[in-house]
Amino acid sequence: MFHPHPDIAPLLWYGDGPNKNWDDPDYPADPPNLGGHTHEVAHAIFDLDDGSRMIWEFHDNTREPSAIFSSLPVYQEQDVPPIPGYPRWSKLSPGQRWNYLRYLEDPFRPVEIGYAFLLYYGLERHLYLGDYSAAVPLIFRLRNILDHPSLWYYSSNALLIAAYRHGDRETIHHVLNDYVTHKGDFNLCVMARTSINQPLSAHELIMYHGKFGFRNTRYLRTQPEAFERELKAYLHQKYGVDGLPFSGSPADLPQAWVPAAANWTMFGRWCFLPDFTQAKDYIAAGNIALQTAHNRIKEYSEPPR
């Protein structure tokens, strides 16, 4: 018998049986008017200060990898191999399916990352095309348990983009706060800060120092606390805030691409957004701030010659 954890049970996808909630087409085309969950479009929208918008579309018309089909064999096996990259229910061995169903009964524990990603694929689809409000806290719980860089990267992107669509500033702040320990996409980070009228924080400026062309990391590495303190002091003196604000128009910048979903079956999962590395004045201002912090530490760290 299969008894999924009550917190995730309503969010699982089923391809057959009494709980069927996924229409799984047997062709990869993009036909119109399929109905069900086979052809829906979600929009993630950034409203910019200058009144412009940036829009991504997610065309949902291919097989959901996490959809459970009871028609496929499931039984316990010995020596079950690890799940390969980009897992999907239909490609698992019977023993892997057995292990996955057992995992779904107690999902909030350390586990082989392939099983966690299979669950995450289904939760991620809910961010864009299902029960957003239920999926968000579950994804954060998975992140807190599984300190895996790919899971954190993809989920940060998806959470931020979906949160904009829903006007969920709390989730935006939560993800950006997590950037302190898990570096995310640079352009998405700056875009997120700009969209909620916040500057790139001093810590984020340090984290992305390479994007600002800052290469002399001697004091950044040897005196990180002093470096951040001096950087904040300069930024506050220069801009009145402890961060680097973006004052241009994001819509005027060239575009860069970022994956909006780890779930590769969601068409349009690669999304465009402004390439802030091409904002010359912004990059120059960040470089000056970092170099100023470096020089201030150098003044009192090295004896006069």
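Data block above holds the structure.
Conventions we followed
- Residues numbered from 1 in each chain as written.
- Predicted model: local features only at pLDDT ≥ 70, side-chain atom pairs only at ≥ 80, totals over all residues.
- Heavy atoms only, no water.
- Helix = DSSP H or I, 4+ residues; strand = E, 2+ residues; numbered from the N terminus.
- Buried < 20%, exposed > 50% of the residue type's maximum accessible area, 1.4 Å probe, protein only.
- Contact = heavy atoms within 4.5 Å.
- Areas by Shrake-Rupley, 256 points an atom, 1.4 Å probe, with all protein chains shown as cover.
- Arc of directions from axis to C-beta.
- 1 Å grid on protein atoms, 1.4 Å probe; cavity = no way out; pocket = protein on both sides within 12 Å on 5 of 7 lines; lining within 4 Å.
- Points joined across faces, edges and corners; volume = space filled by probe spheres on them.
- Nonpolar A, V, L, I, M, F, W, Y, C, P; charged D, E, K, R; others polar.
- Salt bridge = Lys/Arg side-chain N within 4 Å of Asp/Glu carboxyl O.
- Axes fitted to C-alpha atoms, helices over the stretch in contact; angles between N-to-C directions.
- Parallel < 35°, antiparallel > 145°, perpendicular 65-115°, else oblique.
- Left-handed = near helix turned anticlockwise from the far one by under 90°.

Draft legend 1. Spotlight on the overall build of the protein chain. When its secondary structure is counted, the protein chain shows 10 helices and 7 strands. Per-residue burial over the protein chain gives 50% buried out of 305 residues. Taking the intrachain contacts of the protein chain between residues at least 6 apart in sequence as the baseline, contacts between residues at least 24 apart amount to 63%. Of the roughly 14500 Å² of accessible surface on the protein chain, a fraction of 51% belongs to carbon and sulfur atoms.

Draft legend 2. How the structure looks around helix H5 (residues 169-178). Listed as buried for H5 are Thr171, Ile172, Val175, Leu176 and Asp178. Projected down its long axis, H5 carries its buried residues within an arc of 155°, all on one side. Among the exposed residues of H5, those pointing more than 90 degrees away from its buried face are Glu170 and Asn177.

Draft legend 3. Structural detail: the layout of surface pockets. In this structure, the largest pocket encloses a volume near 220 Å³. As for the largest pocket, its lining consists of 13 residues, and the residues nearest its centre are Phe2, Tyr14, Asn19, Ile68 and Ser70. For the lining of the largest pocket, the class distribution of residues is 9 nonpolar, 3 polar and 1 charged.

Draft legend 4. Up close: empty space enclosed by the protein. Taken as a whole and judged by the stated rule, the model has 1 cavity of 30 Å³ or more. Of the voids in this model, the largest cavity is the one considered here, and its volume is about 50 Å³. Of the residues belonging to the lining of the largest cavity, the class tally is 7 nonpolar, 2 polar and no charged.

Draft legend 5. Seen up close, the pattern of salt bridges. In the structure shown here, the tally under the stated rule is 8 salt bridges. A salt bridge links Arg102 to Glu105; its shortest N-O distance comes to 3.2 Å. Here Arg102 and its partner Glu105 are both found in helix H1 (residues 94-105), 3 residues apart, which amounts to about one turn of the helix. Residue classification places Arg102 among the partly exposed positions, given a relative accessible area of 24%. For Asp178, the salt bridge goes to Arg143, with nearest N and O atoms at 3.1 Å. Within this pair, whereas Asp178 is found in helix H5, its partner Arg143 is found in helix H3 (residues 132-145), the two being separated by 35 residues in sequence. In this structure Arg143 comes out as buried when scored by relative accessible area, which is 1%.

Draft legend 6. The packing of H1 against helix H2 (residues 113-129), seen in detail. Relative to each other, H1 and H2 sit at 65°, their axes nearing to 10 Å. If you check the angle between H1 and H2, you find them roughly perpendicular. For the crossing formed where H1 meets H2, the hand is right-handed. From H1, Gln96, Asn99, Tyr100, Tyr103 and Leu104 reach across to H2, where they touch Tyr115, Ala116, Leu118 and Leu119. When the residues that make up the contact of H1 with H2 are grouped by side-chain class, the tally is 7 nonpolar, 2 polar and no charged.

Draft legend 7. Inspection of unusual backbone geometry at higher detail. Although it is not a glycine, Asp79 sits at a positive phi angle of roughly 55°. The class of Asp79 is exposed, set by a relative accessible area of 76%. Unusually for a residue other than glycine, Tyr86 sits at a positive phi of about 55°. With respect to the helices and strands, the residue Tyr86 is situated in the loop between strand E2 (53-60) and H1.

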